[in-house]
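In case you want the letters, here they are:
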Amino acid sequence: AGNYQLQYGQGLIFNDPYDRDFKSKSRGARIDTGTNPNMHLKGIVAEKKIGAFDLVAFYSDKKMRSSLSLDGETARLSLETDARLYDSYDTWKNIERRDNLHEELFGGRMKWAFASGTHISVLGYDSYYSPLINQTDQYGKITKPYAFRGDRNSVIGADFDTRLSGVNLFGEYARSYEHGREKLGLEAPYNEQQIGDAWIIKMLFPVSRINIMAAYWDYDPDYVSPYSSAMGGRDMKSKDFNQVGTMFGLTFRAKGLEGQAHYKPVRYKVPEKTKNYPGRSDDYLLSLKYKPEREYELYY
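Predicted model only: the values in this text are computed from it and were never measured. (Residues numbered from 1 in each chain as written. Predicted model: local features only at pLDDT ≥ 70, side-chain atom pairs only at ≥ 80, totals over all residues. Heavy atoms only, no water.)

Engineer: I tried to follow the side chain of Glu172 on my own but got confused; where do I start?
Structural biologist: Relative to the elements of secondary structure, Glu172 occurs in strand β10 (residues 167–179). Salt bridges are absent for the buried Glu172, whose nearest opposite-charge side chain, Arg109, sits at 7.5 Å. There is a polar contact of 3.2 Å between the side chain of Glu172 and the backbone nitrogen of Leu12. For Glu172, the contacting residues outside a window of four places in its chain are Tyr8, Gly9, Gln10, Gly11, Leu12, Ile13, Ala158, Asp159, Ala198, Trp199 and Ile200. (Helix = DSSP H or I, 4+ residues; strand = E, 2+ residues; numbered from the N terminus. Buried < 20%, exposed > 50% of the residue type's maximum accessible area, 1.4 Å probe, protein only. Lys, Arg positive; Asp, Glu negative; His and termini not counted. Salt bridge = Lys/Arg side-chain N within 4 Å of Asp/Glu carboxyl O. Polar contact = N/O pair within 3.5 Å; in protein donor to acceptor, adjacent residues only side chain to side chain. Contact = heavy atoms within 4.5 Å.)

Engineer: Looking at this model, I keep getting lost on the pattern of salt bridges. Mind explaining?
Structural biologist: Charged atoms that come close allow side chains of opposite charge to pair. Tallying each qualifying case throughout the model produces 11 salt bridges. Among the ionic pairs, Asp197 bridges to Arg175, the shortest N-O distance being 2.7 Å. Taken together, the residues span a long stretch of sequence, with Asp197 in strand β11 (residues 195–207) and Arg175 in strand β10 at a distance of 22 residues. Looking at Asp197, the relative accessible area reads 16%, which means it is buried. Residue classification places Arg175 among the partly exposed residues on the basis of a relative accessible area of 27%. Between Lys291 and Glu297 there is a salt bridge; the shortest N-O distance is 3.5 Å. By relative accessible area, Glu297 is classed as partly exposed at 32%. Ionic contacts of the salt-bridge type, sharing partners, join the residues Arg253, Glu258 and Lys289 into one network.

Engineer: Just to check I follow, could you spell out the packing of aromatic side chains for this structure?
Structural biologist: This structure, assessed with the given rule, holds 11 aromatic pairs. With centroids separated by 5.5 Å and ring planes inclined at 90°, the aromatic side chains of Phe14 and Phe58 adopt a geometry described as edge-to-face. Taken as a pair, Phe14 in the loop between β1 (2–7) and β2 (28–31) and Phe58 in strand β4 (residues 53–64) lie far apart in primary sequence, 44 residues in all. You can call Phe58 buried: its relative accessible area is 3%. Seen from their ring centres, Phe106 and Tyr128 are 6.2 Å apart, and the 85° between their planes marks the pair as edge-to-face. With Phe106 in strand β7 (residues 101–115) and Tyr128 in strand β8 (residues 118–134), this pair connects stretches of sequence that are 22 residues apart. Assessed through its relative accessible area of 40%, Phe106 is described here as partly exposed. (Phe/Tyr/Trp six-rings, centres within 6.5 Å; stacked < 30°, edge-to-face > 60°.)

Engineer: Which parts of the structure should I look at to understand the pairing of β4?
Structural biologist: Along any regular strand the residues' side chains alternate between the sheet's two faces. Here 8 bridges tie strand β3 (residues 41–50) to β4, and the two strands are oriented antiparallel to one another. The residue of β4 that forms the bridge with Lys48 is Leu55. Hairpin connection between β3 and β4: a loop of 2 residues separates the two successive antiparallel strands, and Gly51 in this loop has a positive phi of roughly 60°. Bridging between β4 and β7 involves 12 bridges; their strand directions are antiparallel. Across the sheet, residue Phe58 finds its bridge partner in β7, namely Gly107. (Pairing = 2+ DSSP bridges.)

Here it is, written out as structure tokens:
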């Protein structure tokens, strides 16, 4: 009970935003002991193992920062970033004055480990927001058809992990459902409920001292899960582009030497009803660590 965070699957629903491992570990519920205002969950978690099944139920009740429009709706807000962002120089008095978006969240997870090194699991939650969220720009104008609007967000998904002939295959699928936009009296295209999908599949193949890695993912611009964090050429929380990405890489070890290299091309499709242009980004990484003696390490 208290401040906590969750991490399951490959990060499409819950993940530690600072986890940079290729294979995200399902660490489950962890105590949030940071000194900054809580950017994760606040409430209670119950965990129980029954044979081959792991069961988890969780509840959170907290306030987040937002600004309000004249009619009391939550405005000028990105649910996934602005509502969880605090300035380090803020006073507690200022924080309390702007903590006016209430979030109540219910959820659970069931994992079935039916063979050695193999499992499947389902995970989901419902978030309720008060007051209603209706994002506007700095001039009070309604923009971004794919921005979250309403008073409830439902997210459900599944992940798997298995091994086939020495190859570790794992991945995750998630879908989000927005509710409450009809209460805002918006005109097209802003009056349409958003349902978004996201999925990712990965492969890890160890060969001697080399690990070969590959991944493929596809995120919709209207997929919303504020506590998620998964790989991509851009921040997956940007709603300006569909993102379809691929990654090829390897890690290796030799005597006193460790390194990794990867190539990550990402393509951005044009969302409907927007004026954005398709694009592409290409990320390259080479990192090396050499330890000639126990007291020294060299990095590139």
